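This is what each chain is made of:
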Amino acid sequence: MTDDAAALVARARDGDRVAIAKLLTMVEVGGERARAAIAATAPHTGNAWTVGITGAPGAGKSTLTDALVKQLRACDIEVGVLAVDPTSPFSGGAILGDRVRMQDHSTDPGVFIRSMATRGHLGGLALATPLAVRVLDAAKKQWVLIETVGVGQVEVEIAGHADSTVVVVNPGWGDGVQAAKAGLLEVADVFVVNKADRPGARETRRDLDGMLDLGGLDEHQWRPPIVETVATEGTGVAELRDALRAHRDFLEAHDLVDARRRTRVRDELRAIVAEQLRERAAALGSGAKFDALVDRVAARELDPFAAASELLA
């Protein structure tokens, strides 16, 4: 397999799964190869609709994602899935729990699933996730689903990486005050009450409705619908697909898509600049010159700020 990014993108656009996998590896590893991959994909992006699926651990995000993929494929939509898994303490890679749950799609050429490790990133998303979305977009995946790792009440960072954000909760998850505290109103474009066959589903829906009423949304704003699902049985997943389509239609009708994506690009650019500065700081914080400055600060010949300024100069 070639290492030429342009050649890999051309093959990926023709459906070569090995080329897609290699491009994703390049952006995960980072460095010059990642930059070459992103440069090659850039002219072919901007077409995929990205959906973030988030929620607390055990809410059923993986099973729901699997069921949603089936619904999209029934409509002949090509799908990419980025399953952001916890980092393995042994290998440093993804644990692959989500990909194990989605084995039914392994032979479907219209579905590409990639597990990505968080690598200690606490927001529920790997730093390379936005770059991976660009690869799948360039590979002609019409919808890209990003399933986050459960790291708390809700991973609000997902809203900055997706066109539509699905927040998954379970019956008995919490009252309206808890929902407001978790920041759900600002994050969710669609609420899903999964495992809706369990006691408490009606009360959870009522609490979410009450929270939305308190939000003071007017007729010109999108009011997140609440969809009840039983993902293990596929119940309600078609309604979730339709709700996502309705949200997309709303954003397009109100010319909000470009504004959302511009905000996303701005945040992505800031993250890339911060990462490059972090790499520069790591390089400056080593070597003979650094050690000499440490000795001078330790001997109280120089204050720490003056030493830092000398390094940066």
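Above this text sits the structure in question.
What you see is a predicted model; the values in this text were computed from it and never measured.

### Quick word on the overall build of the chain
In step 1: On a plain count of helices and strands, the chain comes out with 13 helices and seven strands.
In step 2: Among the 313 residues that make up the chain, the fraction classed as buried is 44%.
In step 3: Within the chain, contacts between residues separated by at least 24 positions form 72% of all contacts whose residues are at least 6 apart in sequence.

### Describing the pairing of strand β4 (residues 143–147)
In step 1: Counted residue by residue, β4 has five buried out of five residues, so it is predominantly covered.
In step 2: Side chains of β4 alternate between two faces, with Trp143, Leu145 and Glu147 and Val144 and Ile146 buried alike.
In step 3: Examined bridge by bridge, strand β1 (residues 49–55) and β4 share five bridges and lie parallel to one another. The residue bridging Val51 from the neighbouring strand is Leu145, located in β4.

### Some thoughts on helix α4 (residues 61–74)
In step 1: For α4, with 14 residues, the first-to-last C-alpha span of 20 Å sits near the 20 Å given by 1.5 Å per residue.
In step 2: Every buried residue of α4 is accounted for by Lys61, Ser62, Leu64, Thr65, Asp66, Ala67, Leu68, Val69 and Leu72.
In step 3: Looking at the residues trailing α4, positive phi occurs at Asp76, about 60°.

### What about the packing of aromatic side chains?
In step 1: Considering all chains together, one arrives at one aromatic pair under this definition.
In step 2: Look at Trp222 and Phe250: their rings are 5.4 Å apart centre to centre, the planes differ by 50°, and that puts the pair in the tilted class. Taken together, the residues span a long stretch of sequence, with Trp222 in the loop between α9 (201–214) and β7 (226–228) and Phe250 in helix α10 (residues 237–253) at a distance of 28 residues.

### A few points about the nonpolar core
In step 1: In this structure, Ile20, Leu23 and Phe191 are the most contacted members of the largest nonpolar core, which totals 40 residues.
In step 2: The dominant element in this core, judged by the number of residues it contributes, is helix α2 (residues 17–29), at six residues.
In step 3: Beyond its immediate chain neighbours, meaning those up to four positions away, Leu23 contacts Ala5, Leu8, Val9, Ala12, Ala37 and Val135.
In step 4: If you look at the next biggest cluster of nonpolar residues, it comprises 29 residues, including Ile53, Ile77, Val79 and Leu251.

### Remarks on unusual backbone geometry
In step 1: Although it is not a glycine, Lys140 adopts a positive phi angle of roughly 70°.
In step 2: For Lys140, a relative accessible area of 45% translates into the label partly exposed.

### Some words on the side chain of Arg114
In step 1: Relative to the helices and strands, Arg114 is located in strand β3 (residues 111–117).
In step 2: A polar contact of 3.3 Å, which involves the side chain of Arg114, links it to the backbone oxygen of Ala21.

### Quick word on the environment of Ala59
In step 1: Inspection of the secondary structure assignment puts Ala59 in the loop between β1 and α4.
In step 2: It is 9.2 Å that separates the C-alpha atoms of Ala59 and Trp173, two residues lying 114 residues apart in sequence.
In step 3: Leave out the neighbours within four places in its chain, and Ala59 touches Val168, Asn170, Asn194 and Lys195.

The rules behind these values
- Residues numbered from 1 in each chain as written.
- Predicted model: local features only at pLDDT ≥ 70, side-chain atom pairs only at ≥ 80, totals over all residues.
- Heavy atoms only, no water.
- Helix = DSSP H or I, 4+ residues; strand = E, 2+ residues; numbered from the N terminus.
- Buried < 20%, exposed > 50% of the residue type's maximum accessible area, 1.4 Å probe, protein only.
- Contact = heavy atoms within 4.5 Å.
- Pairing = 2+ DSSP bridges.
- Expected span 1.5 Å × (residues − 1).
- Phe/Tyr/Trp six-rings, centres within 6.5 Å; stacked < 30°, edge-to-face > 60°.
- Core = buried A, V, L, I, M, F, W, Y, C linked by side-chain atoms within 4.5 Å.
- Polar contact = N/O pair within 3.5 Å; in protein donor to acceptor, adjacent residues only side chain to side chain.

Nothing here speaks to function; it is geometry throughout.
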